[in-house]
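Structural overview for review
Here are the chains, one letter per residue:
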Amino acid sequence: MTAGIAIGLAGLPAIAADAAPTKTWSGITPPLSTPWTDKVSPTNALPDYPRPQLARPTAANPEWVNLNGLWQYAGTDGYSAPPIGKDLTGQILVPYPTESALSGVQKHSEFMFYRRTVEVPKNLTNGGKHVNINFGAVNYDATVYVNGRQVGRHLGGYDAFSIDITSALEKSGPQEIIVAVHSPVDSANIPVGKQRNEPGGIFYTAASGIWQTVWLESVQPASIASFTATPDVDTSSFAITAGFNGDAVGGKLKVDVLADGKKVASATGAAGGPMTISVPKPRLWSPEDPFLYTFQAKLTVNGKTDKVESYAGLREIAVENVNGKQRITLNHKATFLLSTLDQGYWPDGIYTAPTDDALKFDIQKTKDLGFNTIRKHIKVEPARWYYWADKLGMMVWQDSPALPTGRNANLSDADKANFRAETARMIDQHKNVTSIIGWIPFNEGWGQWSVQAASEVGAQVKAQDPTRLVNDRSGANCCDTPGDPGTGDIIDWHQYQGPALPAPDAKRASIDGEHGGLTLTIEGHTWPGAPINPYGSVKDKKELNDGYVANTKVLRDQGAPYGLSGAVYTQITDVEGEQNGFFTYDRKVEKVNEQRVREINQQVIAAGDKTPPAPPAGTPGLAGVGAWGFDEASGTTAADSVGKNPLTIHGDATRVPARDGATGTALQLDGSTQWADTAKTVLKTTDRNYSVSAWVKFDQVGDAFQTVVSEDGDTVSSFFLQYSGADKKLAFSFAGARALATGVNVEANRWYHLVGVRDITASKLTIYVDGAAAGSVSVLGNSDTATGGLQIGRGKYDGKPVDYLDGAVDGVRVFDRALSADEVAQLAKG
């Protein structure tokens, strides 16, 4: 913890768990207040310098005029002329969005005017300097007027923009600034993330108008507009690129590099030319040591010098082959990216954190809980958020804000082009952020107009920034426009409660992109309206802690050692209708035991560079370790002909003639009340291979799942040899992965020989039908660990028996190793 952060958090007031909501500066009481609500007033609305990576002239002593504070405000009709020279009747506290309590408005208007006057200090214009007005972000379409003259227009709700207003300024006196804003939110096909005009469920209150800091600064006629120091760990150097405003032709750029305040390197070159600076005794950036170099840049053109200060860490992120599997590496070391989902919402400020201490809080608490990564979920934050992630040592997956859901088939070429353009601007403005290690253009197919679109946009992103990872599609296994594009650096599955355990392939590392979501509602700390429980409720804090630890042990034992490179838990705080955070939405109640969470998280990260143990060899031959022929003709038991685990038959199930060509009898089940099970676990499924075979005849096939063989876990079967009604196919499955028998048309009243093979070394589930491989899926681990008996004719899900078999089963056999294709073929002939 740095000194600055320690001061910020130590200054938090003690908050009683049942503290009443605090009124804002305007007298409005937010639905929930945070510990920082009463710290906000018209005289101190986000007073911190907003752009730490392009401070002018230095971060410690910036020269700027903060325009945050009270502005005149009015909703309008979208047709009226801007109120030039006219007072507006309302007021708003900038930069809090109009829907927020902190704004003093707490209401959405699609069209709105902001107005204020400001005296521009003489030092900003002396010596022929230019004056820029800068906006951190405005949602969505902003037109800016100065002294009655339109000086610029910007479309896009998440990127910063600057306008040179020098020519519109009066020589003296107050200067009038008007900002006209159109904020359609999800009524237009524009990037909006989770904002909705009618929020509910997993979609939230809109954040319209100005929602990040507004400020004035002076620059030379030719000035530095952007600065990027791209690190190269292998050569201990930074490649310097800068963008310029004005005519920089013939100018010189000088860059000094400082470490702990001392100059360690320097370079001078032509403005716009290539520049590389090597640093001696390099110190790499990592979550354990988030060291940052300071860069002081000077652009000199025609005798006038523009100065800025920036910073960057020396770090490298990649996908590399480690012990035969593609893994994410940080500075060439396999590193497990253990992440929270962070949506960046606040009950008093909606999209805008009430104070800079509040902005730091979520990042610091994520670190305290033992995570090393944050997934910034379909929102772009103010620059100071990334500054704190850089300083504290938190890696960041950065999502593109999504287009509205449910319209993928109706997006126009212009909608698609605009999404591409806004994604490109997001990347361009954040290229210098050390903590961002990867980009995610699409989440669960929201706004993704085709499977191929993920590949196309991902390629665009990779071409723009080849130094970071690109996860073309988070949640390739679910939701809108489902399907793995097969491209990018990452394979990403979502599974609630999960975790998902996708296997890396020959080129891509794999992560769990979302899982968890254990829901615990804390009375008095919830957003108005009915909470939702999409993923699984717990009754108290103890059950939440126990559930999180048990869930995360799967990552430690089954994911990280076997090649999984990361996981994202939903989520750091509650958000409106969702009550699945580590903290309540108001940040006043921490629901989990920080020490317990941190301990298991550190164990997961430590497991990320371990080599898994080789699985046991297993029992040779085709007899297996358990075999049941159901040839007793009658009775409530079925003998195990090779082991010591007889089956108990339930529900008065009957015997019928065996399959064609076989002697004896088979077991007939009715699809609802009949099944058979062993008294104890037959197949151990942890850290080892196994195979399951059976003959089956379905009396009917349709939309229902029917399980032939499974083995009980605590809440879910550890595997399912089954008919998948959702796919109309035969399958061998885990709860989060399904190997489907493609090309097999499943018919009623005919016998099939099914074999499911789990090969943990190859990270595969394979389904064989009638002796031939019919489908496979790559997956790590072993889903839920087998803790109960072997089941014939049913499965288990959410703690309950499910998926009863309507048909006959015969010749069940299980193996404690992975059968080869030749062995499966032999078995099918028996």
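From a predicted model like this one, the values you see are computed outputs, not experimental measurements.

Criteria and cut-off values
- Residues numbered from 1 in each chain as written.
- Predicted model: local features only at pLDDT ≥ 70, side-chain atom pairs only at ≥ 80, totals over all residues.
- Heavy atoms only, no water.
- Helix = DSSP H or I, 4+ residues; strand = E, 2+ residues; numbered from the N terminus.
- Buried < 20%, exposed > 50% of the residue type's maximum accessible area, 1.4 Å probe, protein only.
- Contact = heavy atoms within 4.5 Å.
- Polar contact = N/O pair within 3.5 Å; in protein donor to acceptor, adjacent residues only side chain to side chain.
- Pairing = 2+ DSSP bridges.
- Disulfide = S-S within 2.5 Å.
- Axes fitted to C-alpha atoms, helices over the stretch in contact; angles between N-to-C directions.
- Parallel < 35°, antiparallel > 145°, perpendicular 65-115°, else oblique.
- Left-handed = near helix turned anticlockwise from the far one by under 90°.
- Nonpolar A, V, L, I, M, F, W, Y, C, P; charged D, E, K, R; others polar.
- Salt bridge = Lys/Arg side-chain N within 4 Å of Asp/Glu carboxyl O.
- pLDDT = per-residue confidence, 0-100.

Once that is clear, we can look at the environment of Gln72. Residue position: Gln72 is located in strand β2 (residues 69-76). For Gln72, a relative accessible area of 22% corresponds to the partly exposed category. In the structure, Gln72 is positioned 16 residues away from Leu88 in sequence and 5.5 Å away in space, judged by C-alpha atoms. Sequence-distant contacts of Gln72, that is, excluding residues within four places in its chain, are made with Lys86, Asp87, Leu88, Gly90, Gln91, Phe113, Tyr114 and Arg115. A distance of 2.7 Å separates a polar side-chain atom of Gln72 from the backbone nitrogen of Leu88.

Let's shift gears to the side chain of Thr205. Looking at the secondary structure, you find Thr205 in strand β12 (residues 204-205). Here the side chain of Thr205 touches Glu576 through a polar contact of 2.8 Å, side chain to side chain. If sequence neighbours within four positions are ignored, Thr205 has contacts with Glu99, Gln195, Arg196, Pro199, Tyr345, Ile350, Trp527 and Glu576.

A separate point is the pairing of β2. By the bridge criterion, 5 bridges tie β2 to strand β3 (residues 90-94) in an arrangement that is antiparallel. Note that in β3 the partner of Tyr73 across the bridge is Gly90. Across 5 bridges, β2 lies against strand β4 (residues 111-118) in antiparallel orientation. Bridge assignment links Gln72 to a residue of β4, and that residue is Arg115.

With that settled, the discussion passes to the sheet that holds strand β36 (residues 637-638). Ordered in space as β36-β37-β40-β49-β42-β43-β44-β45, the 8 strands form an open sheet in which the pairing is antiparallel. With partners counted over all chains shown, the strands left at the sheet margins are β36 and β45 (737-740), one partner each. Relative to strand β49 (residues 790-792), strand β40 (residues 675-678) is paired through 2 bridges, and the arrangement is antiparallel. Counterpart to Ala676 in the pairing with β49 is Ile792.

What follows is about the state of the cysteines. Going through the model one piece at a time under the given rule, you end up with 1 disulfide. Residue Cys478 pairs covalently with Cys479 via a disulfide, S to S 2.5 Å. A torsion of -85° about the S-S bond marks the disulfide between Cys478 and Cys479 as left-handed.

On to the packing of helix α4 (residues 413-429) against helix α5 (residues 451-464). Put simply, α4 and α5 touch, their axes get as near as 10 Å, and they point 30° apart. On the basis of the axis angle, α4 is roughly parallel to α5. The element α4 and its partner α5 pack so that their crossing is right-handed. Where α4 approaches α5, its residues Phe419, Arg420, Thr423, Ala424, Ile427 and Asp428 are matched on the opposing element by Glu456, Val457, Gln460, Val461 and Gln464. The residue inventory of the contact of α4 with α5, partitioned by class, reads 5 nonpolar, 3 polar and 3 charged.

Let us now look at the pattern of salt bridges. By the definition in use, this model includes 41 salt bridges. Of the charged contacts in the structure, one is a salt bridge between Glu381 and Lys379, with a shortest N-O distance of 3.1 Å. Neither residue differs from the other here; Glu381 and Lys379 are each classed as buried. In this structure, Asp770 engages Arg750 in a salt bridge whose closest nitrogen and oxygen atoms are separated by 3.0 Å. Of this pair, Asp770 sits in the loop between β47 (764-769) and β48 (772-778) while Arg750 is found in the loop between β45 and β46 (751-759), placing the two residues 20 residues apart along the sequence. Connected via shared salt-bridge partners are Arg51, Arg56, Glu217 and Asp306.

Attention now moves to the side chain of Asp368. Residue position: Asp368 is located in helix α2 (residues 356-368). With sequence-adjacent residues up to four places away left out, Asp368 is seen in contact with Glu594 and Arg598.

On the secondary structure map, Gly78 appears in the loop between β2 and β3. Linking Gly78 and Phe361, residues 283 residues apart in sequence, is a C-alpha distance of 38 Å.

Quick look at the sheet that holds strand β18 (residues 262-270) now. Sheet architecture is open: 4 strands sit in the order β18-β17-β20-β21, paired in antiparallel fashion. Single-partner strands in this sheet number two, and they are β18 and β21 (304-312). Ignoring strand direction, the axes of neighbouring strands in this sheet form an average angle of 15°. Pairing between strand β17 (residues 252-259) and strand β20 (residues 293-301): 7 bridges, direction antiparallel. The partner of Lys254 across the bridge, within β20, is Lys298.

The next thing to look at is the confidence of the model for the chain. Detailed reading of predicted coordinates is not advised where the pLDDT is low. For the chain, per-residue confidence averages 94 on the pLDDT scale, and residues scoring 70 or more make up 97% of the total. Of the regions scoring below 50 in pLDDT, residues 1-17 engages in 21 contacts with residues more than four places distant in sequence or in other chains.

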